[in-house]
Amino acid sequence: MRFIEKISSIGRSGCITDFPKPWSTEQFKTPTMLIYARAGSVPHLTYNSLQRLDDKKLLFLQTLPTVVEFKDAVELQGKGLGAFAGLPEYPFHLSIQDPADETPTGYNVNKGVSVWCTGGKKMISVSEFMKIIKAFQPVSYQALCDSDTPKDCSKKRLNKSVDNTIKFLDECLEEHSQCEEVKNVAIWGTIEGGYDSFLRKKSAEATVKRAVDGFVIDGFHTNGATLESLNFSKVKPLLKEVIDILPANKPRLLNGPLDAEMMIEAIKMGVDIFDSSHAFKLAEDGDATVFPLESIPHHFEKDSNDIATKRFKCTPELSLKEEMYKDDLTPILSTCTCYTCKHYTRAYIHHLLDTTELLAQILLMIHNLHHYSEFFKTIRHVLGN
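Residues numbered from 1 in each chain as written. Predicted model: local features only at pLDDT ≥ 70, side-chain atom pairs only at ≥ 80, totals over all residues. Heavy atoms only, no water.

Trainee: Describe the pattern of salt bridges, with residues and values.
Mentor: In a structure, side chains of opposite charge can pair up when their charged atoms sit close to one another. The tally for this structure, following the rule as stated, stands at 19 salt bridges. For the salt bridge of K155 with D196, the shortest nitrogen-to-oxygen distance reads 3.4 Å. Of this pair, K155 sits in helix α6 (residues 155-178) while D196 sits in the loop between β10 (186-191) and α7 (197-208), placing them 41 residues apart in sequence. Overall, the relative accessible area of 47% leaves K155 in the partly exposed class. Using a relative accessible area of 14% as the deciding quantity, one classes D196 as buried. K268 is the salt-bridge partner of E265, the closest N and O atoms lying 3.5 Å from each other. (Salt bridge = Lys/Arg side-chain N within 4 Å of Asp/Glu carboxyl O. Helix = DSSP H or I, 4+ residues; strand = E, 2+ residues; numbered from the N terminus. Buried < 20%, exposed > 50% of the residue type's maximum accessible area, 1.4 Å probe, protein only.)

Trainee: Explain the packing of α6 against α7 to me, and be specific about the residues and the numbers.
Mentor: α7 packs onto α6 with a crossing angle of 5° between their chain directions and a minimal axis gap of 10 Å. Judged by the inter-axis angle, α6 sits roughly parallel to α7. Taking contact as the criterion, the partners of K155, L158, N159, V162, D163, I166 and L169 in α6 are, on α7, L199, K202, S203, A206 and T207. Here the residues of the contact of α6 with α7 sort into six nonpolar, three polar and three charged. (Axes fitted to C-alpha atoms, helices over the stretch in contact; angles between N-to-C directions. Parallel < 35°, antiparallel > 145°, perpendicular 65-115°, else oblique. Contact = heavy atoms within 4.5 Å. Nonpolar A, V, L, I, M, F, W, Y, C, P; charged D, E, K, R; others polar.)

Trainee: So what about the packing of helix α5 (residues 126-136) against α6? Which residues, and what values?
Mentor: Remark: α5 packs on α6, axes separated minimally by 10 Å, with the N-to-C direction vectors making an angle of 50°. Judged by the inter-axis angle, α5 sits oblique to α6. Crossing angle aside, the handedness with which α5 passes α6 is right-handed. Contact residues: α5 offers V126, S127, F129 and M130, while α6 offers F168, E171, C172, E175 and H176. Residue composition of the contact of α5 with α6, by class: five nonpolar, two polar and two charged. (Left-handed = near helix turned anticlockwise from the far one by under 90°.)

Trainee: If you had to explain the pairing of strand β1 (residues 2-7) to someone new, which residues and values would you point to?
Mentor: On a regular strand, one side chain projects to one face of the sheet and the next to the other, so that they alternate. Alignment of β1 against strand β2 (residues 12-17), held across six bridges, turns out to be antiparallel. Directly across from R2, in β2, lies its bridge partner T17. Taken together, β1 and the strand that follows it, β2, pair antiparallel across an intervening segment of four residues. (Pairing = 2+ DSSP bridges.)

Trainee: Which residues make up the packing of aromatic side chains, and what values do they have?
Mentor: If you walk through the whole model with that rule in mind, you get 14 aromatic pairs. Arranged with centres 4.9 Å apart and planes meeting at 15°, the rings of F60 and Y90 form a pair that is stacked. Here Y90 lies in the loop between α4 (80-84) and β6 (92-95) and F60 lies in strand β5 (residues 60-63), a separation of 30 residues in the sequence. Each member of the pair, F60 as well as Y90, carries the same accessibility label: buried. Both rings, one in F129 and one in Y141, keep their centres 5.8 Å apart while their planes meet at 65°; by these two values the pair is edge-to-face. With F129 in helix α5 and Y141 in strand β9 (residues 140-142), this pair connects stretches of sequence that are 12 residues apart. Given a relative accessible area of 0%, F129 falls into the buried group. (Phe/Tyr/Trp six-rings, centres within 6.5 Å; stacked < 30°, edge-to-face > 60°.)

Trainee: Requested: an account of the side chain of T340, with residues and values cited.
Mentor: Within the element layout of this structure, T340 appears in helix α13 (residues 339-343). Non-local contacts of T340, meaning those with residues more than four positions away in its chain, are made with I332, I349, L363, I366 and H367.

Trainee: Help me get a handle on the sheet that holds β2, residues and values and all.
Mentor: Here three strands make up an open sheet; going across it, the order is β1-β2-β3 and the pairing antiparallel. Each edge of the open sheet is held by one strand with a lone partner, namely β1 and β3 (28-30). When strand polarity is set aside, the average angle formed by the axes of neighbouring strands in this sheet is 20°. Here three bridges tie β2 to β3, and the two strands are oriented antiparallel to one another. For C15, the partnering residue across the bridge sits in β3 and is K29.

Nothing here speaks to function; it is geometry throughout.
Okay, structure coming up:
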């Protein structure tokens, strides 16, 4: 995998190329998002409904806790996780934890990492993890890491997180180098350290010295609902310190159901890749994204405290469960060109939510993913990419 950085007067963008076959000719421009998947597929969307998305070139995020139990079956089939899930045409990156679900804390040790699947807790060692990578055949993967650093954790736990993560990375790199099946697969190192500046720098400096293809900046939250209380103003100075250490020619990934405003702030600081778990979380709650795309350029101006920016903050989404939408015959967003907005009204989706019809989340996922796709397209245009 190769990352080509492009610098404009207002920020960083880029392009990821040189994927393993059969995606060797694919290119993905950044900033971008990975399409969040669980149990192998995009939540609420069948293969046919996935085709309703305007953007057909997608890079997936598969999450280890939701697919780890498929390992034996995938290995037996011998064609990788994508083919096993019926989505062989979509390349994917594998993450250690599920960004949409809060990760239980207190279960990692120096011999492995705990993931939580339908069968309960499963301890994954480096050896077992690399067998999973070999069977799943991703285009890239996050090396095994210890990101168990809740906001109130001790300094001792933070130190263990950093030390364990560096240890796991070295062991993954050793096995990666000896495995012919994954020689063209990209391996990403993880930056840990919680909210401790010294340990963040220690983790970043150690990871940069390793032969990794990209960086996952982790450990500011424990995924899922913990993002609701995330104070991004406290994350920003630590994020800046880390990014200042990272080389410019390798991509940076920040996982989690971050809202659009947080993503913009992270992009301005140099983060390249996010995931779409926030779009999923909104659909689960009956919410639709409606933040105005036309206000995005103002966020990249020197003084972004204008009316457009305030409007962006005040109207991020609609809660279509509310009674006020039961007679609203307008689309979710009048300017949106997605399948949902072309064919359905707010009132109809409110009715579906009120009667707990499965179609409600399908239509909301289509809209939310389309809107976030347009969000990143707009940002790339602003950055000249």
